[in-house]
Amino acid sequence: MPAKKSHYEQLRKKWLKRHDEARKNLHEKHKEALDYVIDKFPAKDKLASSAVGLLMLSSVVPASTALLPVTDAENTHVVAAQGYNKSKLLGELSLTVPEEMRALTPEEEAKIGEVLSRNFNAKVSADINGLRLNRSYGYIGAEQHLMRYPGDTMATHLTPSEASNHMIYSSGMAPGRGAWGYFAKSKAEMNQTVVERERWYIATQTFLAPNYKGRLSEYRDFFKYRKMLLVNTKTGQTVVCDIGDAGPAEWTGKHLGGSPEVMYHLGYGGGSRKGSVLYFFIDDPEDRIPLGPVEESQKI
């Protein structure tokens with residue numbers, strides 16, 4: 001009886017088939033242009049054809065296509081267009097992420113940053129221009145909802161589907177504001193950007209950043225709503241978040257906190273609502289990558 005083909009072998013064949021179809025379509029649509037270049041470089045037919053194909057593809061495919069928004073009626077979900085696969089990601093991370101909970105070494109951070117950048121096709125790292133948190137691997141714990149504007153309440157805060165989720169609703173609302181104050185000055189100034197920022201916020205120990213007091217204004221501007229990629233190191237569940245608050249205190253034994261929605265989509269919505277997570281910065285100066293959970297691509 002022939003051995004059953006592995007999942008990755010099947011995916012590899014599908015990808016090769018899709019690649020061949022794309023190359024065929026490219027040649028059919030741009031035959032004249034390709035023939036012209038090949039005529040100019042007769043001794044390098046194959047090289048010219050491949051090079052032009054790559055150049056033409058690079059001119060029409062966005063530079064950052066990893067995290068593409070797919071919206072439904074109430075949420076923005078993020079899908080990895082390059083075929084993000086949880087099993088593959090966890091396999092690669094297991095080679096570097098330590099089993100015990102401790103701060104990562106610079107070498108480990110560099111390796112993990114490379115793995116995350118490659119899997120999500122985005123620039124992911126433990127620091128940006130030398131600015132960083134005190135660590136990039138730690139325990140995350142559950143936080144409450146934050147008031148988005150003066151007078152915000154649980155009755156006005158959640159969508160119907162969120163309100164029906166016991167874990168998300170029962171988390172309640174924090175009595176104080178986040179580290180940056182209200183997300184909007186009033187209910188009239190509410191927009192979808194504000195909604196998403198609070199929904200997918202995390203609290204990080206910004207006050208423990210290297211030389212924080214000596215670079216207070218620089219760090220404040222850097223951390224405010226800074227995007228981060230969080231990965232559950234046990235399941236591979238991933239969420240794009242923004243820094244919306246400071247904390248938790250060192251004595252709690254936790255290194256960062258997540259909104260109820262963040263915890264739910266990381267797989268930490270039940271039990272102790274605490275678990276290990278990688279948290280690395282996403283360098284997205286053009287604000288192209290939306291906040292929210294990263295789901296495995298359905299098409300590879």
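A short tour of the structure in this document, coming up. Here the residue numbering is sequential within each chain, running from 1 through the sequence in written order. Whole-chain, interface and lining totals are the exception, using all residues; otherwise, since this is a predicted model, local features are given only for residues with pLDDT of at least 70 and side-chain atom pairs are given and counted only at 80 or more. Water and hydrogen atoms were dropped before computing side-chain values, which therefore reflect all heavy atoms in the structure.

## Structural notes on the layout of surface pockets
Each pocket or cavity is described by its volume, and for the second largest pocket that value is around 460 Å³. Of the two site types, the cavity is a set of points on a 1 Å grid over the protein atoms alone where a 1.4 Å probe fits but cannot get out, and the pocket is an open set with protein on both sides within 12 Å along at least five of seven lines, each lined by residues with an atom within 4 Å of a point. Considering the residues around the second largest pocket, the lining is formed by 19 residues, among which Arg197, Lys227, Asp287, Ile289 and Leu291 are closest to the centre. With 4 residues, the single largest contributor to the lining of the second largest pocket is helix H9 (residues 192-199). Among the residues forming the lining of the second largest pocket, the class breakdown is 6 nonpolar, 3 polar and 10 charged. Grid points are joined across faces, edges and corners, and a volume is the space filled by probe spheres set on the points. Secondary structure elements are taken from DSSP: a helix is a run of H or I of four residues or more, a strand is a run of E of two residues or more, and numbering for both begins at the N terminus. Polarity classes work like this: nonpolar for Ala, Val, Leu, Ile, Met, Phe, Trp, Tyr, Cys and Pro, charged for Asp, Glu, Lys and Arg, and polar for all others, with Gly in that last group.

## Some words on the nonpolar core
Residues belong to a common nonpolar core when they are buried Ala, Val, Leu, Ile, Met, Phe, Trp, Tyr or Cys residues joined through side-chain atoms within 4.5 Å. Burial here depends on accessible area, computed with a 1.4 Å probe over protein chains only, as a share of the maximum for the residue type. Under 20% is buried, over 50% is exposed, and the range in between is partly exposed. Counting 60 residues, the largest nonpolar core has Leu93, Leu116, Phe223, Leu229, Leu230 and Leu278 as the members making the most contacts within it. Looking at which element gives the most residues to this core, the answer is strand S11 (residues 274-282), with 6 residues. In this description, contact between two residues means that some pair of their heavy atoms is separated by no more than 4.5 Å. Not counting residues up to four positions away in its chain, the partners in contact with Phe223 are Arg132, Leu133, Trp180, Thr206, Ala209, Ile243 and Phe281.

## Re empty space enclosed by the protein
For the structure on display, the rule yields 1 cavity of 30 Å³ or more. A volume near 40 Å³ is recorded for the largest cavity. Arg148, His157, Glu162, Val195, Glu198, Arg199 and Glu261 together form the lining of the largest cavity. The dominant element in the lining of the largest cavity, judged by the number of residues it contributes, is H9, at 3 residues. For the lining of the largest cavity, the residue count by class is 1 nonpolar, 1 polar and 5 charged.

## Looking at the environment of Ser272
By the element assignment, Ser272 lies in the loop between helix H11 (260-266) and S11. Separated by 130 residues in sequence, Ser272 and Ala142 have C-alpha atoms that sit 8.8 Å apart.

## Re the packing of aromatic side chains
Note on aromatic pairs: each is described by the distance of the centres and the angle between the planes. Geometry of aromatic contacts follows a simple scheme: Phe, Tyr and Trp rings, the Trp one being its six-membered ring, pair when their centres are within 6.5 Å, and the pair is stacked under 30 degrees between planes, edge-to-face over 60, tilted otherwise. Inspection of every chain in the model, using the stated rule, returns 5 aromatic pairs. Relative to Phe223, the ring of Tyr219 lies with its centre 5.1 Å away and its plane at 10°, an arrangement referred to as stacked. Within this pair, Tyr219 and its partner Phe223 are both found in helix H10 (residues 216-223), separated by 4 residues, close to a single helical turn. Look at Tyr219 and you get buried, because its relative accessible area is 1%.

## Some thoughts on the side chain of Thr96
Here Thr96 is to be found in the loop between helix H4 (86-93) and helix H5 (106-120). The contacts of Thr96, once residues within four sequence positions are left out, are Glu108, Lys111 and Ile112.

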